[in-house]
Amino acid sequence: MPDDRPISINGSLFPFREGMTVAAAVLSAGVSSFRRSVRGEARGPLCGMGICYECRLTVDGVPQTKSCQLLSRPGMEIVTDD
């Protein structure tokens, strides 16, 4: 059941389920482009276990956070590169 205190993704509020990783919560909100490569290509989660670094986001003001390794919690502020 979604938590009644949403997370913020790029300034918009979204519900999430307790125990979801940040990557899963962002994907479930319909956001698939987490960051941009040096060539400007959209990037998103690939390995899901913290090895590839493709899922990096700014979470609560901390840039380059591996979102597949962090559990979401109410009130989080998440920002993608887009």
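Above this text is the structure in question.
Thresholds, definitions, all that
Residues numbered from 1 in each chain as written. Predicted model: local features only at pLDDT ≥ 70, side-chain atom pairs only at ≥ 80, totals over all residues. Heavy atoms only, no water. Disulfide = S-S within 2.5 Å. Buried < 20%, exposed > 50% of the residue type's maximum accessible area, 1.4 Å probe, protein only. Pairing = 2+ DSSP bridges. Helix = DSSP H or I, 4+ residues; strand = E, 2+ residues; numbered from the N terminus. Contact = heavy atoms within 4.5 Å. Axes fitted to C-alpha atoms, helices over the stretch in contact; angles between N-to-C directions. Core = buried A, V, L, I, M, F, W, Y, C linked by side-chain atoms within 4.5 Å. Salt bridge = Lys/Arg side-chain N within 4 Å of Asp/Glu carboxyl O.

Colleague: For the state of the cysteines, give the residues involved together with the corresponding values.
Modeller: Under the definition given, this model contains zero disulfides. The structure places no disulfide on Cys47, whose sulfur is separated from the nearest cysteine sulfur, that of Cys52, by 3.7 Å. The exposure class assigned to Cys47 is partly exposed, which follows from its relative accessible area of 30%. The thiol of Cys68 is unpaired, and the distance to the nearest cysteine sulfur, on Cys55, comes to 3.6 Å.

Colleague: Before we move on, could you go through the pairing of strand S6 (residues 62-66) and cite the residues and values that matter?
Modeller: Where strand S5 (residues 56-59) and S6 come together, three bridges link them in antiparallel fashion. Bridge assignment links Val59 to a residue of S6, and that residue is Val62. Taking the residues between adjacent antiparallel strands as the criterion, S5 and S6 are bridged by two residues, where Asp60 takes a positive phi near 50°.

Colleague: Explain the side chain of Glu54 residue by residue, including any values.
Modeller: Inspection of the secondary structure puts Glu54 in the loop between strand S4 (42-43) and S5. The buried category is assigned to Glu54, whose relative accessible area is 17%. Not counting residues up to four positions away in its chain, the partners in contact with Glu54 are Phe34, Arg35, Arg43, Gly44, Pro45 and Leu46.

Colleague: Report on the sheet that holds S5, specifying residues and quantitative values.
Modeller: Taking strand neighbours across the sheet as the criterion, the five strands line up as S2-S1-S7-S5-S6 in an open arrangement whose pairing is mixed. The sheet is open, and its two edges are formed by strand S2 (12-14) and S6, each paired on a single side. Each strand of the sheet is rotated relative to its neighbour by a mean of 35°, with strand direction disregarded. Bridge count for strand S1 (residues 7-9) against strand S7 (residues 77-79) is two bridges, and the pairing is parallel. Across the sheet, the residue bridging to Ile9 is Ile78, located in S7.

Colleague: Please set out the nonpolar core residue by residue, giving values where relevant.
Modeller: Membership of the largest hydrophobic core comes to 17 residues, with the highest contact counts inside it found for Ile7, Ile9, Val22, Val26, Leu57 and Ile78. Those elements giving two or more residues to this core turn out to be S1, helix H1 (22-28) and S5. Setting aside its immediate chain neighbours within four residues, Val22 contacts Leu57, Val59, Ser67, Leu70, Leu71, Ser72, Met76 and Ile78.

Colleague: Describe the pattern of salt bridges, naming the residues involved and giving the relevant values.
Modeller: Tallied over the entire structure, the rule returns four salt bridges. Two residues, Arg43 and Glu41, come together in a salt bridge whose shortest N-O distance is 3.3 Å. Arg43 sits in the partly exposed class, given a relative accessible area of 30%. Judged by relative accessible area, which is 38%, Glu41 ranks as partly exposed. Across the salt bridge formed by Arg43 and Glu54, the nearest N and O atoms sit 3.5 Å from each other. Pair noted here: Arg43 is in strand S4 and Glu54 is in the loop between S4 and S5, with a separation of eleven residues, a long-range link.

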